Amino acid sequence: DQIPPNEIASTLFKEAAAVSGIEDIWKGIRDEANRICLTAIPYFEKAFEKIPAENKRERLKHAIKLAVLGNNFDIGTNVHNGNISEEDVQKSIDELDQLQFAFDDFELFWDDIINEKKKNILVLLDNAGEIAFDRLLIRTLKEFGKKILAVVKDAPISNDAIMDDALAVGINNECEVITT
């Protein structure tokens, strides 16, 4: 039997925390990721505000792309010097229009969003920092009158978002947040 990577990582991180005596060995990394992404968010919000509120379809498409683009700022996958330059942010904003998905199920998603019988949306949040971009998506989803519930991990593991991170980036101001 092969052990799934997440089980190996979980065991490894628990051992590292026990040996080091530091309960949350990822806190500094998550805090830095949150800081970096929150620095970039105002630029993305400004670009997003250019889409008229009545153009809900385009706003939703754009918000989804923003959430995906947030992965570019994931401190777990990119090398950062602790800062994001305006040039980095502008380059990412410019990439939004060219961003194409290999699998694009937007039409199916759109049908569900505009279906008044479907009232709830569950958002599974991934990594600290990049979840600031998910906040913009959640804010956009709220424009459709849906109840949104966001979920974070219940304990620190790698750079996965936990409740402290959701609070740090303000997701709790957009919707209810629970843990796994």
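Relevant structure appears above.
Every value quoted in this text rests on a predicted model; they were computed, and no experiment measured them.

Caption draft 1: Seen up close, unusual backbone geometry. One non-glycine residue with positive phi stands out, namely S158, at about 50 degrees. Its location among the elements puts S158 in the loop between β2 (147–152) and α7 (163–169).

Caption draft 2: Representation of the pairing of strand β3 (residues 176–179) within the structure. With four bridges connecting them, β2 and β3 associate as parallel partners. Following the sheet pairing, V151 is matched in β3 by I178. Taking the sense of rotation as the criterion, the β-α-β connection linking β2, α7 and β3 turns out right-handed.

Caption draft 3: Spotlight on the pattern of salt bridges. Considering all chains together, one arrives at twelve salt bridges under this definition. E107 is the partner of R57 in a salt bridge, and the nearest nitrogen-oxygen pair spans 2.4 Å. With R57 in helix α3 (residues 56–69) and E107 in helix α5 (residues 106–114), this residue pair connects regions lying 50 residues apart in the sequence. What makes R57 partly exposed here is its relative accessible area of 29%. E107 gets classed as partly exposed once you look at its relative accessible area, which sits at 43%. The salt bridge partner of K153 is D160, with a shortest N-O separation of 2.5 Å. For K153, a relative accessible area of 31% puts it in the partly exposed group. Taking the relative accessible area as the measure of exposure, D160 reaches 13% and is therefore buried. The network of salt bridges with common partners includes E45, R135, R139, K142 and E174.

Criteria and thresholds
Throughout this document, residue positions are counted from 1 along each chain, in the order its sequence is written. At least 70 in pLDDT is required for a residue's local features to be given in this predicted model, at least 80 for side-chain atom pairs to be given and counted, and no such filter applies to totals for whole chains, interfaces and linings, which use all residues. By convention in this description, side-chain values take in all heavy atoms of the structure and omit both hydrogens and water. Helix and strand definitions follow DSSP, with helices as H or I runs of at least four residues and strands as E runs of at least two, each counted in order from the N terminus. Strands are treated as partners if at least two bridges between them are detected by DSSP. With its strands directed away from the observer, a crossover is right-handed exactly when the path from the first strand over the helix to the second travels clockwise. For this analysis, a salt bridge means a side-chain nitrogen from Lys or Arg found within 4 Å of a carboxyl oxygen belonging to Asp or Glu. Exposure classes here rest on a 1.4 Å probe applied to the protein chains alone. A residue is buried below 20% of its type maximum, exposed above 50%, and partly exposed in between.

Function cannot be inferred from these measures alone, as they are strictly geometric.
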